[in-house]
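# Close look at the chain arrangement
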Amino acid sequence: MSSSQYAPRLAPVNTASEADVVDLRSDTVTKPDAAMRAAMASAEVGDDVYGDDPTVNRLEAAAAAKFDKEAALFVSSGTQSNLVAMLAHCGRGEEVITGFGYHTFTYEAAGASVLGGIALHPIPPEADGGLDPDKIRTAVKPDDSHHPISRLLSLENTHYGKAIPLERIQAAVTAGREAGLMVHLDGARFFNAVTALKIEPAALAELFDTVSICLSKGLGSPAGSVLVGPADAIARARRWRKMLGGGLRQAGVLAAAGLQALEQNVAGLAEDHRRAEILATALREYGQAWDAPVAQATNMVFITPKTADHAPLRAHLNGRGLRLGGGEGSIRLVLHRDINDAKLDRAIDAFASFYKRNTLSA
Ligand SMILES: *Cc1c(COP(=O)(O)O)cnc(C)c1O
């Protein structure tokens, strides 16, 4: 895998005014709306390092309750959440078994290895994004001084937008547990997964010791993630968060946004999924122009143009105010709260005009 989903952030973006921009790079681009800003402005705050911030405490209690876990920790990002979880579960010379291309392995700068002396053993995911139980069993090391000590299985849902079915997750978790591993879920887009799978949050969370959930993606918060799990693991994670410089003071202004995200914005994810499906359906039709397979999963649409050079397509779309994600091989379009039906239509029209231009000139 030579391309990175983050590479396009370096590409020039056009200079159209904000209202004209249809930013489909990621759901991380969502901005806090008026209700969220009002909640932030009126948040009661205190010094969270002293445990004194009532709004952070409320968010942590609400998250623990929602996922039916003993405790929760508010952290600054999903990367920090996964990192403190791995550090809480594993010591030096111990190992995390995870997926090749999963965020914990590919996109977190090997933080667990750098800071915790923890090894990462990646397994190639199956087509649905899940890990094969047999491959997990094979990856677990015997108790032998040659090997790292296998300690944690870290799964991901959604993975590249795919909501991995509960029974597939269950089978992987069982393989891990039978081998004596702890299990962690990188649920950056946890609510996209449970929305698509039509299950209760606790039904997915109950399979895991710890779960990390991003508040700053489709849920619209400006920053923050929560890690939920058993009280002892969360206490260790809290110590690691402080050591990493992640202890925030009057963090209630951010936690208020997080509460709003958790309590008010989950329902809207179904709209993002609906719009992603409309976009994918349109692109499958127009895609004949450049012979591009289109895959849609939860709030994401992936187009893989078969022509070697899809710069003309990107340039055409950029010129019409679209900002696109994806690396060299594919274009990733992410639907989110700041893409309404009018912006969706603009995106479809931009693709349609490329199709027509290319059909007429063919
Ligand atoms: C975004 C993401 C993260 C990390 O989130 P940041 O807040 O950007 O650090 C972790 N895992 C997955 C699967 C993600 O998509």
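Residues numbered from 1 in each chain as written. Predicted model: local features only at pLDDT ≥ 70, side-chain atom pairs only at ≥ 80, totals over all residues. Heavy atoms only, no water.

What follows concerns the overall build of the protein. Assigned secondary structure in the protein consists of 14 helices and 12 strands. The C-alpha radius of gyration computed for the protein amounts to 21 Å, which stays within 12% of the reference 21 Å derived for 362 residues, consistent with globular compactness. With the principal axes as the frame, the protein shows a C-alpha extent of 65 × 55 × 35 Å. In the protein, which comprises 362 residues, the share counted as buried stands at 52%. (Helix = DSSP H or I, 4+ residues; strand = E, 2+ residues; numbered from the N terminus. Rg over C-alpha atoms; globule rule 2.2 N^0.38 Å. Buried < 20%, exposed > 50% of the residue type's maximum accessible area, 1.4 Å probe, protein only.)

Under the defined criterion, the tally for this structure stands at 5 aromatic pairs. Between Phe67 and Phe190 the ring centres are 5.1 Å apart and the planes differ by 85°, which places this aromatic pair in the edge-to-face class. Taken together, the residues Phe67 in the loop between helix H2 (54-66) and strand E2 (71-75) and Phe190 in helix H8 (residues 190-197) connect sequence positions 123 residues apart. Like Phe190, Phe67 is buried. The interplanar angle of 80° and the centroid separation of 6.3 Å between the aromatic rings of Tyr160 and Phe302 together place this pair among those described as edge-to-face. One end of the pair, Tyr160, is in the loop between strand E5 (149-156) and helix H7 (166-178); the other, Phe302, is in strand E10 (residues 300-303), with 142 residues separating them in the sequence. Relative accessible area serves as the criterion here: at 16%, Phe302 is assigned to the buried category. (Phe/Tyr/Trp six-rings, centres within 6.5 Å; stacked < 30°, edge-to-face > 60°.)

The next thing to look at is the sheet that holds strand E4 (residues 119-123). As summarised here, the arrangement of the 7 strands in space is E2-E8-E7-E6-E5-E3-E4, forming an open sheet in which the pairing is mixed. Looking at which strands have only one partner, the edges of the open sheet turn out to be E2 and E4. The average undirected angle you get between the axes of adjacent strands in this sheet is 20°. Where strand E3 (residues 94-99) lies against E4, 5 bridges are found, and the strand directions are parallel. Bridge pairing links Val96 to Leu120 in E4. Its contacts with the sheet put H2 on E2 and strand E8 (225-229), and the angle it makes with E2 is roughly 130°. (Pairing = 2+ DSSP bridges. Axes fitted to C-alpha atoms, helices over the stretch in contact; angles between N-to-C directions. Contact = heavy atoms within 4.5 Å.)

This part covers the domain arrangement of the protein. The domains assigned to the protein are domain 1 (4-31 + 268-357) and domain 2 (34-266). Put simply, the middle of domain 1 and the middle of domain 2, counted by C-alpha atoms, are 28 Å apart. Taken together, the 19 residues of domain 1 in the interface contact 19 residues of domain 2. In total, domain 1 and domain 2 occlude about 1600 Å² of area from one another, counting both sides; carbon and sulfur atoms represent 54% of this. At the junction of domain 1 with domain 2, the criterion picks out 1 salt bridge. Asp27 is the salt-bridge partner of Arg189, the closest N and O atoms lying 2.8 Å from each other. Across the domain 1-domain 2 interface, the total number found is 8 residue pairs in polar contact (both at pLDDT 80 or more). Those elements giving two or more residues to the side of domain 1 that touches domain 2 turn out to be helix H12 (269-286) and E10. For the side of domain 1 that touches domain 2, the element with the highest residue contribution is H12, accounting for 3 residues. (Domains from an automatic or database assignment. Buried area = accessible area lost by both parts, 1.4 Å probe. Salt bridge = Lys/Arg side-chain N within 4 Å of Asp/Glu carboxyl O. Polar contact = N/O pair within 3.5 Å; in protein donor to acceptor, adjacent residues only side chain to side chain.)

On to the site of the ligand. Every residue lining the ligand is accounted for by Ser77, Gly78, Thr79, Asn82, His103, Glu108, Glu156, Asp186, Ala188, Arg189, Cys214 and Lys217. Here an oxygen atom of the ligand and a backbone polar atom of Gly78 are 2.8 Å apart. Arg189 is positioned such that a nitrogen or oxygen atom in its side chain is 3.0 Å from an oxygen atom of the ligand. Per-element accounting of the shell around the ligand gives the leading share, 3 residues, to helix H3 (residues 78-89). (Near = heavy atom within 4 Å.)

Looking now at the sheet that holds strand E12 (residues 331-334). Taken in spatial order, the 3 strands make up an open sheet running E9-E10-E12, and their pairing is antiparallel. Where the open sheet ends on each side, the last strands, each with one partner, are strand E9 (294-297) and E12. Across the sheet, the mean angle separating the axes of adjacent strands is 15° when strand polarity is ignored. Against the sheet, H12 makes contact with E9, E10 and E12, and its axis sits at roughly 170° relative to E9, the strand it touches most.

For the rest of this paragraph, the subject is the nonpolar core. Ranked by size, the top nonpolar core spans 49 residues in total, and within it Leu155, Phe190, Phe191, Leu204 and Phe208 carry the most contacts. When residues of this core are assigned to their parent elements, the largest contribution, 5 residues, is made by helix H11 (residues 252-264). Core analysis: the second largest hydrophobic core is formed by 27 residues, Leu24, Leu317, Leu335 and Ala350 among them. (Core = buried A, V, L, I, M, F, W, Y, C linked by side-chain atoms within 4.5 Å.)

Turning to the pattern of salt bridges, a few remarks are in order. This structure, assessed with the given rule, holds 18 salt bridges. The partner of Arg137 in a salt bridge is Asp134, with the nearest N and O atoms 3.1 Å apart. Highlighted residues: Arg137 and Asp134, both in helix H6 (residues 133-139), separated by 3 residues, approximately one helical turn. A relative accessible area of 46% means that Asp134 is categorised as partly exposed. With a closest N to O distance of 3.9 Å, Arg236 and Asp232 form a salt bridge. One end of the pair, Arg236, and the other, Asp232, are both in helix H10 (residues 231-243), 4 residues apart, so they sit about a helical turn from each other. Overall, Asp232 belongs to the partly exposed group, its relative accessible area being 48%. The network of salt bridges with common partners includes Glu271, Arg274, Arg275 and Asp341.

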